[in-house]
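Residues per chain are reported as follows:
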Amino acid sequence: MRVVRIVLAVLLWAVVALCLVVTAAPFFLDRIYYRGPVASHFDGQRFFNPDGDALDISAARGNKLLWQQVFGDPTRPKWPGHVAVMPGKPPARADGGEMRVTWVGHATVLVQADGVNILTDPVWSDTVGPFGIGPRRVAAPGVRFEDLPRIDLVLVSHNHYDHMDLPTLKRLWDRDRPVIVTSLGNDAILRTRGIPAQALDWGGSFVLDRPDGGPQFTSECTEPVRWCRMRAIVHVTRSHHWGSRWFADRSRALWSSFVVRLPHGNFFFAGDTGLGDGKWPAEAAALGRIRFAAIPIGAFRFDEGQMASGSHIGPRDAIRVWDGLGRPSALAVHWGTFRLSREGYATPPAMLRGMLRCAGEDPARFAARRIGETFAVSPLATAPPPPDYAALDACIRGGRFDALR
């Protein structure tokens, strides 16, 4: 058995090495997904973060991570090979001001509010990577695809495989014909599978109208009449990340977060992001009060003791994002499904709970929930006072979380 494992590892490494060699021919693997004028975050060839670079994985670190993916790393915290999931069956719709949320796993979240079914970065595949090679899911999707209600709106934050899963998006398009909103350049990738999408720059918006054009919210609507006849407005907003599917095509397509304006309070989806200058959450909140947010907390540790990376926030910075959004009801995502970095399986939610308590916050307001659980989101209410960052920093400096690897 040991010999077989060694042979398989050598063969897999040979395939990976071949893929890396092929990247030396950029004319083959590089792709021009978008052409447009130079902007504050686009140099005419590639997109970038105006608040600084998010590419914190050097060539040496990237090679190390690749080696660990293939051959393993006995120094890393252990992860379970399989996590039991009880798949849920969400309702067909949520109307009358009700909002229901189901965490499907990783960054895939089903949000049902005001008659609109929204799905974020949908991934039902078992592995995330090119040619079926990549991290394998340890937790099954929290909703079986056949139990997924009809989807009206899909948000695709960027083109990394664990967020843009083309097989899943094709199944969704063929079944429901949803409106798919993404950021610039990603539509070119989707079109290769016959999937149309609305691709927008940061600051762009898309109106999701009622199919019949009639009023949706007549008795409770306090906005202008035109807004009352809309189902939602999707705003593409700034985040701090990068994109690539083939090594050489790095940052050829844009990454983003989203605000979905709804009559009873907005929904914010962070996508995948580092903290950057930390100003972009407030920019999103300026579009209207946020009722619910999906914020990542995992894949932040690539070296021992690391609390965040340039492209991923950990629980500490996730609290700052949550605060910048106005401290809405929030779900912790981007953990516990695919192993992408060095922290242990349960480290992100344990850190989040402890850090919120250190900061004087109720952990129930920004919670890590069970995959497959459908829960109701409370109506908009007065936000609690800001977190006590001095107390939080004191907990971190005092080693309160050092044992969480």
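Residues numbered from 1 in each chain as written. Predicted model: local features only at pLDDT ≥ 70, side-chain atom pairs only at ≥ 80, totals over all residues. Heavy atoms only, no water.

1. Focus: the side chain of T127
And then number 1: Looking at the secondary structure, you find T127 in the loop between β3 (116-120) and β4 (153-156).
And then number 2: Classification of T127 by relative accessible area gives buried; the value is 15%.
And then number 3: There is a polar contact of 3.3 Å between the side chain of T127 and the backbone oxygen of G132.
And then number 4: For T127, the residues in contact, after removing those within four places along its chain, are G132, G134, P135 and R136. (Helix = DSSP H or I, 4+ residues; strand = E, 2+ residues; numbered from the N terminus. Buried < 20%, exposed > 50% of the residue type's maximum accessible area, 1.4 Å probe, protein only. Polar contact = N/O pair within 3.5 Å; in protein donor to acceptor, adjacent residues only side chain to side chain. Contact = heavy atoms within 4.5 Å.)

2. Section: the packing of aromatic side chains
And then number 1: Counted by the stated rule, this structure contains 12 aromatic pairs.
And then number 2: With a centroid separation of 5.5 Å and an interplanar angle of 35°, the aromatic rings of Y34 and F47 are classed as tilted. Residue Y34 is located in the loop between α2 (26-29) and α3 (59-71), and its partner F47 is located in the loop between α2 and α3; the two are separated by 13 residues in the primary sequence.
And then number 3: A relative accessible area of 4% places F47 in the buried class. (Phe/Tyr/Trp six-rings, centres within 6.5 Å; stacked < 30°, edge-to-face > 60°.)

3. Overview of the state of the cysteines
And then number 1: For the structure shown, the criterion picks out one disulfide.
And then number 2: With a sulfur-sulfur separation of 2.2 Å, C358 is cross-linked through a disulfide to C395. Around the S-S axis, the bridge from C358 to C395 shows a dihedral of about -100° and counts as left-handed. Residue C358 is found in helix α9 (residues 347-358), and its partner C395 is found in helix α10 (residues 389-397); the two are separated by 37 residues along the sequence.
And then number 3: Its relative accessible area of 17% is what places C395 among the buried residues. (Disulfide = S-S within 2.5 Å.)

4. Here we look at the environment of A39
And then number 1: Here A39 is to be found in the loop between α2 and α3.
And then number 2: Once the C-alpha coordinates of A39 and P50 are considered, the two residues, 11 residues apart in sequence, prove to be 9.8 Å apart.

5. Some words on the side chain of S239
And then number 1: Turning to its location among the elements, S239 is positioned in the loop between β8 (230-237) and β9 (257-261).
And then number 2: Taking the relative accessible area as the measure of exposure, S239 reaches 1% and is therefore buried.
And then number 3: Dropping the residues within four chain positions of it, S239 is found in contact with N49, W202, W255, S256, S257, A270, D272, T273 and W280.

6. Points about the nonpolar core
And then number 1: Within the largest apolar cluster, 74 residues are counted, with the highest numbers of intra-cluster contacts made by L155, F267, I295 and F366.
And then number 2: Sequence-distant contacts of F366, that is, excluding residues within four places in its chain, are made with I295, I297, A318, I319, W322, A330, L331, A332, L352 and L356.
And then number 3: Membership of the second largest hydrophobic core comes to 22 residues, among which are Y33, W124, I151 and L172. (Core = buried A, V, L, I, M, F, W, Y, C linked by side-chain atoms within 4.5 Å.)

7. Comments concerning the sheet that holds strand β2 (residues 108-113)
And then number 1: Spatial strand order, β6-β5-β4-β3-β2-β1-β14: seven strands in an open sheet with mixed pairing. Edge positions in the sheet fall to β6 (198-200) and β14 (374-376), since each has one partner strand and no second. Shown here is a sheet whose adjacent strand axes are inclined to one another by a mean of 20°, direction ignored.
And then number 2: As paired strands, strand β1 (residues 99-105) and β14 are joined by three bridges and run antiparallel to one another. Each bridged residue has a counterpart across the sheet, and for V101 the counterpart in β14 is F375. (Pairing = 2+ DSSP bridges. Axes fitted to C-alpha atoms, helices over the stretch in contact; angles between N-to-C directions.)

8. A short note on the pattern of salt bridges
And then number 1: All chains considered together, the criterion is met by 16 salt bridges.
And then number 2: Here R238 and D277 are joined by a salt bridge, their closest N and O atoms 3.2 Å apart. In this pair, R238 is assigned in the loop between β8 and β9 and D277 in the loop between β10 (266-269) and α7 (280-285), connecting sequence segments 39 residues apart.
And then number 3: The buried category is assigned to R238, whose relative accessible area is 11%.
And then number 4: A salt bridge links R369 to E373, with the shortest nitrogen-to-oxygen separation between them at 3.0 Å.
And then number 5: Take E373: its relative accessible area is 21%, and that puts it in the partly exposed class.
And then number 6: Beyond isolated ion pairs, a larger network of salt bridges with shared partners links D51, R238, D277 and E283. (Salt bridge = Lys/Arg side-chain N within 4 Å of Asp/Glu carboxyl O.)

9. Section: α10
And then number 1: Within α10, burial applies to Y389, L392, C395 and I396. Down the axis of α10, the smallest arc covering the buried residues is 120°, so these residues share one side. Along α10, exposed side chains directed more than 90 degrees from the buried face belong to A390 and R397.
And then number 2: Two or three places before A390, at the opening of α10, D388 has a side-chain oxygen 3.3 Å from that residue's backbone nitrogen.
And then number 3: At the C-terminal side of α10, G399 shows a positive phi close to 80°. (Arc of directions from axis to C-beta.)

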